[in-house]
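Architecture and fold: a report
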Amino acid sequence: QAKSGYMQAIVATANKLGRILYVMVKSKTEFDEDCIKTNEEEILRRKLLKTQQTLEKLQNQLKKSA
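None of these values were measured; they are calculated from a predicted model.

Section: the overall build of the protein
A tally of regular secondary structure across the protein gives 2 helices and 0 strands. Relative to a compact globule of 66 residues, whose C-alpha radius of gyration would be 11 Å, the protein shows 19 Å and is clearly more extended. Taken over the C-alpha atoms alone, the protein extends approximately 60 × 30 × 10 Å along its principal axes. Residues counted as buried form 2% of the 66 residues belonging to the protein.

Let's talk about a negative patch on the surface
Side chains of D32, E33, D34, E40 and E41 sit close together on the surface and give a patch of like negative charge. Of note, E41 is situated in helix 2 (residues 33-65).

Re the environment of G5
Tracing the backbone shows G5 in the segment before helix 1 (6-27). In this structure G5 comes out as partly exposed when scored by relative accessible area, which is 24%. The sequence separation of G5 and L55 amounts to 50 residues, and the corresponding C-alpha distance is 29 Å.

Calculation notes
Residues numbered from 1 in each chain as written. Predicted model: local features only at pLDDT ≥ 70, side-chain atom pairs only at ≥ 80, totals over all residues. Heavy atoms only, no water. Helix = DSSP H or I, 4+ residues; strand = E, 2+ residues; numbered from the N terminus. Rg over C-alpha atoms; globule rule 2.2 N^0.38 Å. Buried < 20%, exposed > 50% of the residue type's maximum accessible area, 1.4 Å probe, protein only. Patch = residues over 30% accessible without salt bridge, like charges linked within 9 Å, V, L, I, M, F, W, Y side chains within 5 Å. Areas by Shrake-Rupley, 256 points an atom, 1.4 Å probe, with all protein chains shown as cover. Salt bridge = Lys/Arg side-chain N within 4 Å of Asp/Glu carboxyl O. Lys, Arg positive; Asp, Glu negative; His and termini not counted. Charge placed at Lys NZ, Arg CZ, Asp CG, Glu CD.

Shown next as structure tokens:
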């Protein structure tokens, strides 16, 4: 949404969900909630890593300016 805007974000999300549902119907598979949990954990891990890197950069800037 931040890059393209509100409406394009909605269309992109609907498109993604549509593709997922199409593959599920075509291959006759059920929804697997374990896959989503893994992705959420990975996303949180990446956010934590990125935040730590940003904090280290800010600390280095403070050391240089002091």
